[in-house]
Amino acid sequence: MRHRRYGSLTGAAAAVALLAGCQSGSAPALSLDGLTKTVDAIPGEGQSSCPLAYDIAKAAKAAGADGASAPGSVKEPGAAIATGEGGKRAVPDTPLAQNPGALVSCVFHIGQEEVVVHTAATRHPQAVAPLAPIVAHLAGSSTQDLIAYVNRMAKAEIGEPVATGSGNVVAVRLKLDGEGDAVMVVGAGESGRSTMGRERITALAGSLADQVAAAPYRR
């Protein structure tokens, strides 16, 4: 990714190969084509609003998380709120080029805690595999723990939140309209640490996933 807080997808092809074995009222169902178009519309430097239907304040309230909630980073005020990867900007031989797909990343905060929500869709399973470097960075996972986590995600049901061992990263498989695979990864805090706790982050991810199911993106 372009912003350091997200980790890096570029150069992660080897890891992926190992692992592979904002608000709306009338948006259509989440689809690979729709998410790709959303990514293609995001400027290269990112943009100041999340193009996906995430209401972080509503999700934080449902999760019992304390503190004011809003889009944007508390650590880097003024930084882009949303960035995109894949689609027409996919770099050859990178994960989202090898398994064609799209990734939208949006930054929020709850109190002083930064929360990053990554939403990805790919043509083939597993959509979480291209996000493996991001998961590892956010959770502070070892390679062995990361492989085990991605294997757990492969067996997860759609809509089932799956937390990393650190508890500060939770992924949820999403239902797609049409072919492909989709996942949302929510990371709070940094490098395996969060003041929110596993239960609240899991509840937060579940609430955000429900919002995607209701209205995934806006044009």
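Residues numbered from 1 in each chain as written. Predicted model: local features only at pLDDT ≥ 70, side-chain atom pairs only at ≥ 80, totals over all residues. Heavy atoms only, no water.

Structural notes on the pattern of salt bridges
Under the counting rule described, the total for this entry stands at four salt bridges. One salt bridge in this structure joins Lys75 and Glu190, with 2.4 Å as the shortest N-O distance. Here Lys75 is found in the loop between strand E1 (69-71) and strand E2 (82-86), whereas its partner Glu190 is found in the loop between strand E7 (181-188) and helix H7 (198-214), with 115 residues between them in sequence. For Lys75, a relative accessible area of 47% translates into the label partly exposed. On the basis of relative accessible area, Glu190 is assigned to the partly exposed category, the value being 40%. Asp181 serves as the salt-bridge partner of Arg173, at 3.3 Å between the closest nitrogen and oxygen. Owing to a relative accessible area of 22%, Arg173 belongs among the partly exposed residues under this scheme. According to the relative accessible area criterion, Asp181 is buried, its value standing at 9%. (Salt bridge = Lys/Arg side-chain N within 4 Å of Asp/Glu carboxyl O. Helix = DSSP H or I, 4+ residues; strand = E, 2+ residues; numbered from the N terminus. Buried < 20%, exposed > 50% of the residue type's maximum accessible area, 1.4 Å probe, protein only.)

A few points about the packing of aromatic side chains
Under the criterion given, the structure shown has one aromatic pair. Here Tyr54 and Phe108 contribute two aromatic rings whose centre-to-centre distance is 6.5 Å and whose plane-to-plane angle is 90 degrees, an arrangement assigned as edge-to-face. Of this pair, Tyr54 sits in the loop between helix H2 (32-41) and helix H3 (56-63) while Phe108 is found in strand E3 (residues 101-110), placing the two residues 54 residues apart along the sequence. In this structure Tyr54 comes out as buried when scored by relative accessible area, which is 2%. Taking the relative accessible area as the measure of exposure, Phe108 reaches 1% and is therefore buried. (Phe/Tyr/Trp six-rings, centres within 6.5 Å; stacked < 30°, edge-to-face > 60°.)

A few points about the state of the cysteines
The final tally for this structure, using the stated rule, is one disulfide. A sulfur-sulfur separation of 2.2 Å characterises the disulfide bridge that pairs Cys50 with Cys106. Its S-S torsion of about 80 degrees marks the bond between Cys50 and Cys106 as right-handed, since a negative value means left-handed. Residue Cys50 is found in the loop between H2 and H3, and its partner Cys106 is found in strand E3; the two are separated by 56 residues along the sequence. (Disulfide = S-S within 2.5 Å.)

Focus: the nonpolar core
The nonpolar side chains of soluble globular proteins are, as a tendency, buried together. Counting residues in each nonpolar core, the largest one holds 39 residues, and the members touching the most others are Tyr54, Met184, Leu204 and Leu208. The set of elements that each furnish at least two residues to this core consists of H2, H3, E3, strand E4 (113-122), strand E6 (169-174), E7 and H7. Residues contacting Leu204, with those up to four places away along its chain left out, are Ile56, Ala59, Ala60, Ala63, Ile110, Val115, Val186 and Met196. Within the second largest apolar cluster, 22 residues are counted, among which are Ala127, Ala132, Val150 and Ala171. (Core = buried A, V, L, I, M, F, W, Y, C linked by side-chain atoms within 4.5 Å. Contact = heavy atoms within 4.5 Å.)

Details of the pairing of E2
The side chains of a regular strand alternate, residue by residue, between the two faces of the sheet. Summarising burial for E2: five of the five residues are buried, a large majority. Direction of pairing for E2 relative to E3: antiparallel, over a ladder of five bridges. In the strand pairing of E3, Gly84 is matched with Val104. (Pairing = 2+ DSSP bridges.)

What about helix H6 (residues 143-155)?
The end-to-end C-alpha distance of H6 is 19 Å, a good match for the 18 Å that 13 residues give at a rise of 1.5 Å each. Within H6, burial applies to Leu146, Tyr149, Val150 and Met153. Mapping the buried residues of H6 onto a view down its axis gives an arc of 95 degrees, with all of them on the same face. Along H6, the residues that are exposed and aim more than 90 degrees away from the buried face are Gln144 and Lys155. (Expected span 1.5 Å × (residues − 1). Arc of directions from axis to C-beta.)

Some words on unusual backbone geometry
Glycine aside, the phi torsion of most residues is negative, and most peptide linkages are trans. A cis amide bond links Pro125 to the next residue, Gln126, at an omega of -10 degrees. In this fold, Gln126 is placed in the loop between E4 and helix H5 (132-139). Even without a glycine there, the phi angle at Asp93 is positive, about 70 degrees. For Ser191, which is not a glycine, the phi torsion comes out positive at approximately 45 degrees. Topologically, Ser191 is positioned in the loop between E7 and H7. Taking relative accessible area as the criterion, Ser191 reaches 42% and is therefore assigned partly exposed.

Describing the environment of Gly34
By the element assignment, Gly34 lies in helix H2. Spatially, the C-alpha atom of Gly34 lies 9.5 Å from that of Ala102, the residues being 68 residues apart in sequence.

In short, shape yes, function no, at least from these values alone.
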